[in-house]
Amino acid sequence: MSYYTKAKFLMSAPDIRHLKQDEGIEVAFAGRSNAGKSSALNTLTRQKNLARTSKTPGRTQLINIFELDETRRLVDLPGYGFAQVPIAMKKKWQASLGEYLQKRKSLRGLVVMMDIRHPFKDLDQDLIYWAVDAGLPVLALLTKADKLKSGKRKEAFMFARDAALAFNGDVTVQAFSSLSKIGVSEAAAVLDKWFELNGEEDA
Ligand code: GDP
């Protein structure tokens, strides 16, 4: 998993149309705002400030691209689910994200961050359905898993794993915590597979 420490900021784009070359391999990170996406990216890359959170609802949010090497990238998609965002903007977000998931050839997998206490909200489900429809594997990270005691955590995990079957696709569910590092190496192992890393690349 030390591979992800290599991540370096490459560029920001206002929307998916501005993404550069559709080559190599990228893995996208998505989630409702406040789900713990920035923390998860920082934890995976072991960097304190790689991903920063935009705490301003409705503000123009950027897609941030982090480069791992010449051919591999992490794509941090804007957080969604702000109640205050106008419906027209939500529609635009949906259309553009749907298009990205369907058309981006270099996209090999989608990581969806969801608070372990509130998984599979409507927009999370939309996103996962689009990904499955596009034939993409999904890693559903149940974030902030440290907030539940071990018994409740297991219960929440099993509930989510059962719920994930409804998507009829390749959806892996993993409890995750940036705070206590639950599930970090398991999540990295899934990414390794998507990025076609087999260990040799580890510096
Ligand atoms: P984002 O909006 O999805 O990028 O979410 P952030 O990573 O900024 O996290 C949102 C809030 O949840 C912050 O207050 C974090 O400190 C908190 N948070 C994130 N990850 C964890 C975690 O693993 N455990 C706990 N207890 N809190 C977390």
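Bear in mind the structure is a predicted one, so any value in this text is a computation, not a measurement.

1. Considerations on the site of the ligand
Move 1: Taken together, the neighbourhood of the ligand is formed by 16 residues, with N34, K37, S38, S39 and D146 sitting nearest.
Move 2: A distance of 3.0 Å separates an oxygen atom of the ligand from a polar atom in the side chain of K144.
Move 3: Take S177: an N or O atom from its side chain is 3.4 Å from an oxygen atom of the ligand.
Move 4: Alone, the ligand offers 570 Å² of accessible surface; in the complex the protein occludes 75% of this.
Move 5: Taken together, the residues that form the shell around the ligand break down as two nonpolar, eight polar and six charged.

2. Quick look at the side chain of D15
Move 1: With respect to the helices and strands, the residue D15 is situated in the loop between β1 (8-13) and β2 (25-31).
Move 2: At 2.8 Å, the side chain of D15 and the backbone nitrogen of R17 are in polar contact.

3. Thoughts on the packing of aromatic side chains
Move 1: Inspection of every chain in the model, using the stated rule, returns seven aromatic pairs.
Move 2: Pairing Y3 with Y4 gives two aromatic rings, centres 5.9 Å apart and planes at 85°, and the pair type is edge-to-face. Accessibility assignment for this pair places Y3 and Y4 in one class, buried.
Move 3: Every member of this aromatic cluster is reached through a ring pair, and the members are Y3, Y4 and F195.

What counts as what
Residues numbered from 1 in each chain as written. Predicted model: local features only at pLDDT ≥ 70, side-chain atom pairs only at ≥ 80, totals over all residues. Heavy atoms only, no water. Near = heavy atom within 4 Å. Polar contact = N/O pair within 3.5 Å; in protein donor to acceptor, adjacent residues only side chain to side chain. Areas by Shrake-Rupley, 256 points an atom, 1.4 Å probe, with all protein chains shown as cover. Nonpolar A, V, L, I, M, F, W, Y, C, P; charged D, E, K, R; others polar. Helix = DSSP H or I, 4+ residues; strand = E, 2+ residues; numbered from the N terminus. Phe/Tyr/Trp six-rings, centres within 6.5 Å; stacked < 30°, edge-to-face > 60°. Buried < 20%, exposed > 50% of the residue type's maximum accessible area, 1.4 Å probe, protein only.

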